[in-house]
Amino acid sequence: MPRSQKIALGVMFAFFLAAPLAVYPVFLMKAMCFALFACAFNLLIGFGGLLSFGHAMFLGTAGYATAHAAKVWGFAPEFAILFGTAAAALLGLVTGLLAIRRQGIYFAMITLALAQMIYFYYLQAPFTYGEDGIQAVPRGMLFGVIDLANIWAMYGTVMAVFFAGFLLIYRVIHSPFGQVLKAIRENEQRAISLGYDVTRYKLLAYLLSATLAGLAGATKALVFQLASLTDVHWSMSGEVVLMTLLGGLGTVFGPVVGAFIIITMENYLAQLGAWVTVVQGAIFVICVLTFRRGVVGELGNWLKKPL
Amino acid sequence: MRAPFRTTAMDSIFGVPVQALFGQLLIGLINGSFYALLSLGLAVIFGLLNIINFTHGAQYMMGAFVAYLLASKAGLGYWWSLALVPLVVGFTGVVIERLMLSKLYRLDHLYGLLLTFGLALIIQGLFRNEYGTSGLPYAMPAELAGGRNLGFMFLPNYRAWVIVASLGVCIGTWFVIEKTKLGSYLRAATENPALVQAFGINVPRMITLTYGFGVALAAFAGVMAAPIYQVSPQMGADLIIVVFAVVVIGGMGSIMGSIVTGFALGLIEGLTKVFYPEASNTVIFIIMAIVLMFKPAGLFGSQK
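For every chain, the first residue of the written sequence is number 1, and numbering continues from 1 onward in sequence order. All chains are assigned letters beginning at A, and all ligands numbers beginning at 1, according to the order in which they are written. Totals for whole chains, interfaces and linings use all residues, but because this is a predicted model, local features are given only for residues with pLDDT of at least 70 and pairs of side-chain atoms are given and counted only at 80 or more.

Let's talk about the overall build of chain B
Starting at the N terminus, helices and strands are each numbered in turn, a helix being any DSSP run of H or I of at least four residues and a strand any DSSP run of E of at least two. Looking only at helices and strands, one finds 11 helices and 4 strands in chain B. In summary, chain B has a C-alpha radius of gyration of 21 Å against a globular reference of 19 Å for 304 residues, a match within 12%. With the C-alpha coordinates of chain B rotated into their principal frame, the extents come out at 85 × 50 × 35 Å. Looking at chain B as a whole, 47% of its 304 residues qualify as buried. Look at the contacts in chain B between residues 6 or more apart in sequence, and 76% of them connect residues 24 or more apart. In this setup the radius of gyration rests on C-alpha atoms only. A globule is expected at 2.2 Å times the number of residues raised to 0.38. Labels follow a simple rule on C-beta atoms placed from the backbone: if 20 or more others lie within 10 Å of a residue's own, it is buried; if 12 or fewer, it is exposed; otherwise it is partly exposed. Residues are defined as contacting one another if the C-beta atoms placed from their backbone atoms lie within 7 Å.

Below you can see the structure in the form of structure tokens.
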């Protein structure tokens with residue numbers, strides 16, 4: 001890990017350790033869940049060059065699976081999260097096999113359409129309770145001893161999940177697998193001619209991204225004790241694209257910063273109703289036209305250090 | 001003696017009353033008209049700009065809203081709207097292309113998708129602020145009120161008009177692109193813009209006008225939809241996702257392909273509503289998945 005990234009990681013860790021003293025912890029937990037979600041998404045677009053417009057399906061599916069397992073089947077939180085993450089992974093495998101048959105714009109449209117299909121399924125399926133969602137999900141006792149109803153226990157758990165996910169993604173990006181992925185992004189034909197099984201690499205990246213997005217969704221369901229249609233809707237898929245774009249596509253820390261900015265913005269603009277959508281749209285347009293490197297990308301470029 | 005309420009074979013097919021079956025097929029054909037018009041516009045834009053126009057649904061909604069505003073503020077009726085709205089909304093498309101999209105042609109095509117997605121959010125958000133989420137009614141033109149009894153079903157005149165008019169516009173577009181000189185320039189520019197430019201044709205202007213035309217098609221569909229569905233800011237948001245699936249199924253290689261796929265999928269959706277209503281929302285996506293398994297380039301497409 002280059003020194004600049006070590007410092008950034010330390011700053012990020014210290015921030016999440018100290019911030020609850022000044023900021024509402026539920027807000028920070030929300031930010032961490034979305035940061036993990038955005039990092040998982042970035043793994044696919046930033047390093048695999050695949051723009052998924054349906055990532056909400058993994059967030060939402062894991063949320064529903066976790067909430068259902070914890071509430072109806074009485075799973076312990078660690079198993080509920082595991083179950084939710086596994087459900088997202090399974091969905092990732094099935095949709096991945098279909099979506100990676102096309103690239104570029106088609107890939108985006110296919111993932112969007114598949115996610116919309118999943119959305120309609122959840123809209124009709126009885127176990128999701130439609131518009132109400134699965135409410136009052138019990139947080140339970142982690143490993144049978146830690147009561148997650150305690151906000152600090154929950155905070156510590158979310159922080160552990162977030163950093164574990166973040167470091168795993170970091171490891172993946174910098175592994176030989178990640179290097180091959182980047183090669184495929186840069187020039188797929190050449191990667192094929194070098195003998196790499198491109199389809200398998202792409203599928204594995206997609207699967208990893210789906211699984212980690214699921215981990216974020218599963219954790220989020222326990223934090224808010226709720227799984228709802230919002231998390232499967234296409235606007236959520238758009239939001240994670242926005243977070244990553246704003247933070248910096250293909251940067252290590254960008255998605256975290258982007259998620260934090262967007263969540264903060266939504267928090268303060270919530271009373272403005274539909275203006276939130278307008279502001280989000282405007283950020284998209286500005287980022288694409290003038291600010292394609294994103295916040296962290298620009299910062300790294302200015303410091304001439306990878307971030 | 002026959003029981004008075006026993007249905008005969010003529011009245012039902014597979015246990016479904018004929019009236020209901022044809023009613024749903026008609027609705028399917030109407031939806032298919034909109035799928036065809038919208039996917040046609042997407043295909044025309046994609047052909048030349050290599051951009052998937054995510055704003056298409058919002059521009060369809062703008063078409064309906066401009067028609068509504070012309071009626072309520074200026075007293076201009078349906079027929080005026082049908083002529084004026086595509087021009088007005090198409091012009092906004094020209095502005096968008098000149099100011100924004102034209103800056104992105106040298107970049108990865110995904111940026112075009114992201115930009116148009118952002119524009120769709122802005123447009124839909126602005127209209128939602130102004131008009132809320134509930135639908136606004138738009139009157140049907142008096143000339144097309146009522147309907148006729150075809151013996152096996154009742155056919156409202158306006159719905160018949162929608163099908164005929166969109167079929168006409170689709171085939172007209174196909175004719176212009178495939179059979180005229182202008183269309184041949186367009187197709188040539190799709191293949192090799194640099195070469196066409198070298199022959200003295202103003203390719204950038206052609207690109208601008210093509211985008212404007214694709215947007216105008218969406219606006220035209222919006223005006224046609226206004227009397228059937230209510231006019232609301234969200235009317236295009238979910239529709240555009242279905243149209244994306246239609247585009248993936250058809251493949252964007254052929255103009256005729258997108259027209260045929262649009263109508264056919266509308267009909268299939270209508271049939272699903274009759275025989276298995278639970279799947280009517282998802283049937284198009286399921287077909288997309290099946291097509292991807294066996295013919296990833298789409299039914300009429302070629303893998304690029």
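A few points about the overall build of chain A
Along the backbone of chain A there are 13 helices and 2 strands. For a compact globule of 307 residues, the expected C-alpha radius of gyration is about 19 Å, and chain A comes in at 19 Å, within 12% of that figure. A total of 307 residues make up chain A; the buried ones form 51% of that total. For chain A, long-range pairs separated by at least 24 residues make up 76% of all intrachain contacts whose partners lie at least 6 apart in sequence.

Brief notes about the environment of Leu48(B)
All names here are of chain B. Locating Leu 48 in the fold gives a position in helix 1 (residues 18–49). Here Leu 48 falls in the buried class, since 21 other C-beta atoms lie within 10 Å of it. Separated by 155 residues in sequence, Leu 48 and Val 203 have C-alpha atoms that sit 9.7 Å apart. In contact with Leu 48, other than residues within four places in its own chain, are Leu 186, Ala 189, Thr 190, Ile 207 and Thr 210.

A few points about the environment of Gly92(A)
All names here are of chain A. Structurally, Gly 92 is set in helix 4 (residues 77–99). Remark: the alpha-carbon pair of Gly 92 and Asp 231, spanning 139 residues in sequence, is separated by 16 Å. Not counting residues up to four positions away in its chain, the partners in contact with Gly 92 are Phe 58, Tyr 206, Leu 207, Ala 210 and Thr 211.

Concerning the interface of chain B and chain A
Note on interface size: it is often stated as the accessible area lost on association of the parts. Facing 33 residues of chain B, the contacting portion of chain A comprises 33 residues. Listing elements by their share of the side of chain B that touches chain A, those giving two or more residues are helix 4 (109–131), helix 9 (237–250) and helix 11 (283–294) of chain B. In terms of residues, the side of chain B that touches chain A owes the most to one element, helix 4 of chain B, which gives 16 residues. Residues of the side of chain B that touches chain A, tallied by class, amount to 23 nonpolar, 7 polar and 3 charged. Note that Gly is not counted as nonpolar here; it falls among the polar residues with everything else outside the nonpolar set of Ala, Val, Leu, Ile, Met, Phe, Trp, Tyr, Cys and Pro and the charged set of Asp, Glu, Lys and Arg.

A look at helix 11 of chain B
With 12 residues, helix 11 of chain B ought to run about 16 Å at 1.5 Å a step, and its terminal C-alpha atoms sit 17 Å apart, in line with that. All buried positions along helix 11 of chain B are accounted for by Ile284(B), Phe285(B), Ile287(B), Met288(B), Ala289(B), Val291(B) and Leu292(B). Taken together, the buried residues of helix 11 of chain B touch helix 4 and helix 5 (104–124) of chain A together with helix 9 and helix 10 (255–275) of chain B. The span you would expect from a helix comes to 1.5 Å times its residue count less one.

Brief notes about the confidence of the model for chain B
All names here are of chain B. Residue-level confidence of the predictor is what pLDDT reports, using numbers from 0 through 100. In this model, chain B carries a mean pLDDT of 87, and residues with pLDDT of at least 70 account for 95%. In this model residues 1–9 is a low-confidence stretch, pLDDT under 50, and it forms 1 contact with partners more than four residues away in sequence or in other chains. The ipTM value of the predicted complex is 0.89, and its pTM value is 0.89.

Brief notes about helix 6 (residues 151–173) of chain A
Residue and element names in this part refer to chain A. Spanning 23 residues, helix 6 covers 33 Å between terminal C-alpha atoms, matching the ideal 33 Å at 1.5 Å per step. Of the residues making up helix 6, those classed as buried are Met 154, Tyr 155, Thr 157, Val 158, Val 161, Phe 162, Gly 165, Phe 166 and Ile 169. Buried residues in helix 6 make contact with helix 2 (25–48), strand 1 (141–142) and helix 9 (198–224).

With respect to unusual backbone geometry
All names here are of chain A. With a phi close to 55°, Gln 225 is a non-glycine residue in the positive phi region. By the secondary structure assignment, Gln 225 is in the loop between helix 9 and helix 10 (234–247). The phi angle at Lys 304 is positive, at roughly 55°, despite the residue not being glycine. When you line up the elements, Lys 304 lands in the segment after helix 13 (294–303). Look at Lys 304 and you get exposed, because 7 C-beta atoms sit within 10 Å.

What about the packing of helix 2 of chain A against helix 9 of chain A?
All names here are of chain A. Convention adopted: a line fitted to C-alpha atoms gives each axis, helices being fitted over their contacting stretch, and angles between N-to-C directions are expressed from 0 to 180 degrees. Relative to each other, helix 2 and helix 9 sit at 170°, their axes nearing to 9 Å. By the angle between their directions, the pair helix 2 and helix 9 is classed as roughly antiparallel. Packed against helix 2, whose contacting residues are Met 29, Lys 30, Cys 33, Leu 36, Phe 37, Ala 40, Phe 41, Leu 43, Leu 44 and Gly 48, the element helix 9 presents Lys 202, Ala 205, Tyr 206, Leu 208, Ser 209, Leu 212, Ala 213, Leu 215, Ala 216, Thr 219, Lys 220 and Val 223 at the interface. Broken down by class, the residue content of the contact of helix 2 with helix 9 amounts to 16 nonpolar, 3 polar and 3 charged. Our angle categories are set so that under 35 degrees counts as roughly parallel, over 145 as roughly antiparallel, 65 to 115 as roughly perpendicular, and the remainder as oblique.

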